[in-house]
Amino acid sequence: MLAAPKVNAFNPPRRTLMGPGPSDVYPEVLAAQARPTIGHLDPLFVGMMDELKALIQYAFQTKNAMTLAVSAPGSAGMETCFVNLVEPGEKVIVCRNGVFGERMRQNVERVGATAVVVDNEWGTPVSVSDVEAALKANPDAKFLAFVHAETSTGALSDAKSLCALAKQHDCLSIVDAVTSLGGVELRVDEWGIDAIYSGSQKCLSCVPGLSPVSFSPAAVEKLKARKTPVQSWFLDQSLVMGYWSGDQGAGGKRSYHHTAPVNALYALHESLRLLAQEGLENAWARHQNMHQVLREGLEALGLQFVVEEQSRLPQLNAVYIPDGVDDALVRKQLLENYNLEIGAGLGALAGKAWRIGLMGFGARRENVALCLRALEEVLR
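First, a word on what this report is: a plain description of the structure on this page. What you see is a predicted model, and the numbers here were worked out from it, not measured in a lab.

## Focus on empty space enclosed by the protein
Now for step 1: Counting across every chain of the model gives two cavities of 30 Å³ or more.
Now for step 2: Every residue lining the largest cavity is listed: Leu68, Ala69, Val70, Ser71, Phe234, Leu235, Gln237, Val240, Trp244, His257 and His258.
Now for step 3: Partitioning the lining of the largest cavity into residue classes produces seven nonpolar, four polar and no charged.
Now for step 4: In this structure, the second largest cavity is lined by Tyr26, Gly182, Cys203, Leu204, Ser271, Leu274, Leu275, Glu278, Arg286, His287 and Gly360.
Now for step 5: By residue number, the principal contributor to the lining of the second largest cavity is helix H10 (residues 262–278), which donates four residues.
Now for step 6: Classifying every residue of the lining of the second largest cavity by side-chain character gives five nonpolar, four polar and two charged.

Rendered as structure tokens:
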């Protein structure tokens with residue numbers, strides 16, 4: 001018999017999280033997660049789920065009935081959209097201007113579909129004209145997939161124009177809003193987005209591990225008309241909605257699908273309640289205002305942004321590492337000396353850039369001041 005390991009309780013230090021995620025979590029959200037656990041079919045919990053659905057609809061600005069939180073992180077939200085909508089043999093226009101566009105491509109191929117890739121340079125938004133050309137060259141395409149806010153570079157793409165193109169070419173749109181939700185303007189219904197997913201740990205400043213998703217009526221019809229079963233039982237939304245809405249339960253009752261992460265959903269409910277209390281437009285403005293303060297300070301330190309200003313995310317600031325500066329050493333000193341986390345570069349920007357997050361609760365003046373002062377001292 002194995003001996004019981006002797007370990008102490010884990011007590012992490014209090015960090016200031018200014019990387020690409022997770023972000024600083026609201027104290028109210030941490031407190032909400034510590035509330036008593038009740039059953040996931042308890043009437044009180046079901047009532048909370050109804051409120052949570054309405055809060056997600058508000059954050060996405062949608063009336064879509066199929067709107068819920070997947071019991072897994074944003075990557076599972078991505079897979080949820082692809083496995084439910086895309087069938088083997090179908091063609092998907094995939095926009096790739098960073099790491100997460102490439103992950104979209106991999107999802108397409110894993111479901112047995114064909115990905116037609118529209119590549120744009122890292123640090124630039126998806127080119128609307130390039131996408132239009134790809135749609136014209138592939139009239140049999142069924143979907144257009146792109147990342148609204150590319151976390152690996154800090155580039156913001158024009159979701160409104162891209163989704164309008166998809167509609168013109170009879171395609172459904174699949175949109176990654178993991179980093180954009182709550183941080184920049186996002187209007188699902190007005191822009192005609194068909195399937196969208198996000199994550200709890202970015203601008204919502206919730207604990208990691210949940211993925212808000214929403215499907216338009218057209219996307220739901222596509223799901224219902226599938227000729228093949230959804231390859232993932234757990235992510236099959238036709239089954240999950242029986243739990244979230246009671247559509248498949250006798251007498252409208254919730255059907256059992258899986259044991260929901262009860263306390264994590266408390267946390268998401270509280271974070272979205274705080275977002276609604278602040279107001280979406282106020283939250284978008286706060287992120288932009290804090291970005292301007294950070295930008296001025298970073299430029300005063302001689303740091304250059306990866307993304308041009310007109311396409312730059314306020315909540316994810318990618319800056320080039322100065323020549324001769326040790327990337328890992330700087331981040332190590334920030335963490336050890338200031339309890340401050342910033343992010344390393346990914347993919348083509350690995351070792352070339354830092355990613356500084358201003359997300360949700362982290363988009364406040366004291367965080368900006370700490371980051372600028374610490375960077376100045378370490379770089380000196």
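## Thoughts on the sheet that holds strand E11 (residues 316–320)
Now for step 1: Spatially, E1-E12-E13-E11 is the arrangement adopted by the four strands of the open sheet, whose pairing is mixed. Whereas interior strands pair on both sides, the edge strands pair on one side only; in this sheet they are strand E1 (16–18) and E11. The sheet shows a mean angle of 30 degrees between the axes of neighbouring strands, taken without regard to direction.
Now for step 2: Sheet topology note: the E11/strand E13 (residues 353–357) ladder contains five bridges and is antiparallel. The residue bridging Val319 from the neighbouring strand is Trp354, located in E13.
Now for step 3: Each of strand E12 (340–344) and E13 touches helix H12 (residues 327–338); the most contacted strand, E12, lies at about 160 degrees to it.

## A look at the packing of aromatic side chains
Now for step 1: For the structure shown, the criterion picks out two aromatic pairs.
Now for step 2: Their ring planes at 45 degrees and their centres at 5.0 Å tell us that Tyr26 and Phe361 sit as a pair that is tilted. Pair noted here: Tyr26 is in the loop between E1 and helix H1 (27–33) and Phe361 is in the loop between E13 and helix H13 (365–379), with a separation of 335 residues, a long-range link.
Now for step 3: Owing to a relative accessible area of 14%, Tyr26 belongs among the buried residues under this scheme.
Now for step 4: Here Arg364 stacks its cationic end above the ring of Phe361, 3.9 Å away from the centre of that ring.

What counts as what
- Residues numbered from 1 in each chain as written.
- Predicted model: local features only at pLDDT ≥ 70, side-chain atom pairs only at ≥ 80, totals over all residues.
- Heavy atoms only, no water.
- 1 Å grid on protein atoms, 1.4 Å probe; cavity = no way out; pocket = protein on both sides within 12 Å on 5 of 7 lines; lining within 4 Å.
- Points joined across faces, edges and corners; volume = space filled by probe spheres on them.
- Nonpolar A, V, L, I, M, F, W, Y, C, P; charged D, E, K, R; others polar.
- Helix = DSSP H or I, 4+ residues; strand = E, 2+ residues; numbered from the N terminus.
- Pairing = 2+ DSSP bridges.
- Axes fitted to C-alpha atoms, helices over the stretch in contact; angles between N-to-C directions.
- Contact = heavy atoms within 4.5 Å.
- Phe/Tyr/Trp six-rings, centres within 6.5 Å; stacked < 30°, edge-to-face > 60°.
- Buried < 20%, exposed > 50% of the residue type's maximum accessible area, 1.4 Å probe, protein only.
- Lys NZ or Arg CZ within 6 Å of the ring centre and 35° of its normal.

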